[in-house]
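The residues making up each chain are set out below.
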Amino acid sequence: MYPPHTGVEMTVVIYDCLKEWNLDKKLFCITLDNVTSNDSLQTILKGYLNLQNTLLCDGEFFHVCCCAHILNLIVQEGLKAASDSLFAIRESVKHVRGSDGRKQKFEQCVKQVEIDINVGLRLDVSTRWNSTYLMLESAFTYEKVFACLHLHDRTYVHRPTLDQWQRAEKIGEVLEPFNEITNLLSGSSYPTFNLYFMKIWRIECMLYEKLNNQDELDPILAEEKIKLIKKRLYKIYEQCASKQNVASASSTILTTRSEVRSKSKSFKVFSEFKAFENEPTSSDGKSELNLYLEEPMLDLENF
């Protein structure tokens, strides 16, 4: 669409598309990134759709936060707590990739250390945290080579210490499941919740486990970083929760008092159930929901 890309303008475009495609009465939820214009977009669109009484549960679950975006916020906050280790490794990779002469010295060190690996060094991008994981993954295999390079190249001043390598390895362990679910989300054009729920649960369990494992290198510093990250994550959650509450309150204002009085939870649930019974069925007489429920359960061991 043409600018301006304000919440009002985007709402008009999306709503017109929904009407044209005959989807305005079939929409359940919308997933958006954490951007101010998107917040106003979903609030206004939710108000329009509520006027038609077509949103399930009055649109209480209309705005679903983007899972990939939330994961990115979590990882970015976590990486800030390990900036010293990441900086040393990043600068080491930059040093080697800085000139052909340094690359030749690095290759000589690889032969001297006798490492038969053709992975290559990767440099991360600040806007893509998963590239940081790939950088660490490639750098770990050349830990001894960097130590050898430090002896042969006096201009190499950012050699990671043993403590920094150990911290970086722990960072890599934490980033691995995040990288898996990112690839899962980006590798599918239709990433429904059942595809990535187990991955999210695995990340939650891993974070709780790591929360109780103090850094043997510096327990006091580790405890301070844990508290800092926990505080920032709670702040992110509060921001998302407050925006959801504001959106719910704004859309409720658009509903007239007479409509509110005429509705009751029991009647609404019954009406929704009747609507479900009247849904079109497949060739064998089963609804889409029944077909979904009959699908085999996930194999937990593979997650």
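Described in the following lines is the structure provided in the data block.

## Here we look at the packing of helix α1 (residues 7-20) against helix α2 (residues 36-51)
Contact pair α1 / α2: the axes reach a minimum separation of 8 Å and the direction vectors enclose 45°. Accordingly, the angle class assigned to the pair α1 and α2 is oblique. Helix-helix and strand crossings are classified by hand; for α1 and α2 the assignment is right-handed. Residues G7, V8, M10, T11, I14, Y15 and L18 of α1 pack against S37, N38, S40, L41, I44, L45, Y48 and L49 of α2. Residues belonging to the contact of α1 with α2 are distributed by class as follows: 10 nonpolar, 5 polar and no charged.

## Concerning unusual backbone geometry
A negative phi angle characterises most non-glycine residues, just as the trans form characterises most peptide bonds. The phi dihedral of N22 is positive, around 60°, even though this residue is not glycine. Relative to the assigned elements, N22 resides in the loop between α1 and β1 (30-32).

## Focus: the nonpolar core
Counting residues in each nonpolar core, the largest one holds 35 residues, and the members touching the most others are I89, F106, L136, F146 and L175. Elements represented by at least two residues in this core include exactly α3 (67-80), α4 (83-97), α5 (100-113), α6 (129-140), α7 (143-152), α8 (162-186) and α9 (193-211). The residues touching I89, leaving out its near neighbours within four places in the chain, are M135, L136, A139, P160, W165 and A168. Counting residues in each nonpolar core, the second largest holds 10 residues, with Y15, L41, L55 and F62 among its members.

## Concerning the side chain of D24
Note on placement: D24 falls in the loop between α1 and β1. Since its relative accessible area comes to 6%, D24 is described here as buried. What D24 contacts, discounting residues up to four positions off in sequence, is L18, K19, L49, Q52 and T54.

## Description of α1
Under the 1.5 Å per step criterion, the end-to-end length of α1 is 20 Å for 14 residues, consistent within 8% with the ideal 20 Å. Three or more residues of α1 are buried, namely G7, M10, T11, Y15 and L18. Along the axis of α1, the buried residues cluster in a sector spanning 130°; they form a single face. Buried-residue contacts for α1 involve α2. Once α1 ends, the next one or two residues include N22, with phi positive near 60°.

## A word on α6
Taking 1.5 Å of rise per residue, the 12 residues of α6 would be expected to cover 16 Å, and the 17 Å separating its terminal C-alpha atoms lies within 8% of that figure. Among the 12 residues in α6, 9 count as buried, and that is most of the element. Of the positions making up α6, those classed as buried are W129, N130, S131, T132, Y133, M135, L136, S138 and A139. In this structure, the buried residues of α6 make contact with α3, α4, α7 and α8.

## A short note on the packing of aromatic side chains
Evaluation of the coordinates by the stated rule reveals 6 aromatic pairs. Residues F106 and F146 carry aromatic rings whose centres are separated by 5.4 Å and whose planes lie at 55° to one another, so their mutual orientation is tilted. Taken together, the residues F106 in helix α5 and F146 in helix α7 connect sequence positions 40 residues apart. On the basis of relative accessibility, which here comes to 0%, the residue F146 falls in the buried class. Between the aromatic rings of F146 and Y156, the centroid separation amounts to 6.2 Å while the plane-to-plane angle is 40°, which identifies the pairing as tilted. Of the two residues, F146 is situated in helix α7 and Y156 in the loop between α7 and α8; the sequence distance between them amounts to 10 residues. Assessed through its relative accessible area of 2%, Y156 is described here as buried. Aromatic rings pair up to connect F106, F140, Y142, F146, Y156 and W165 into one cluster.

## Thoughts on the environment of R128
Relative to the helices and strands, R128 is located in the loop between α5 and α6. Judged by its relative accessible area of 47%, R128 falls in the partly exposed class. Linking R128 and N72, residues 56 residues apart in sequence, is a C-alpha distance of 8.6 Å.

So, how was this worked out
Residues numbered from 1 in each chain as written. Predicted model: local features only at pLDDT ≥ 70, side-chain atom pairs only at ≥ 80, totals over all residues. Heavy atoms only, no water. Axes fitted to C-alpha atoms, helices over the stretch in contact; angles between N-to-C directions. Helix = DSSP H or I, 4+ residues; strand = E, 2+ residues; numbered from the N terminus. Parallel < 35°, antiparallel > 145°, perpendicular 65-115°, else oblique. Left-handed = near helix turned anticlockwise from the far one by under 90°. Contact = heavy atoms within 4.5 Å. Nonpolar A, V, L, I, M, F, W, Y, C, P; charged D, E, K, R; others polar. Core = buried A, V, L, I, M, F, W, Y, C linked by side-chain atoms within 4.5 Å. Buried < 20%, exposed > 50% of the residue type's maximum accessible area, 1.4 Å probe, protein only. Expected span 1.5 Å × (residues − 1). Arc of directions from axis to C-beta. Phe/Tyr/Trp six-rings, centres within 6.5 Å; stacked < 30°, edge-to-face > 60°.

Taken by themselves, the reported measurements are silent on function.
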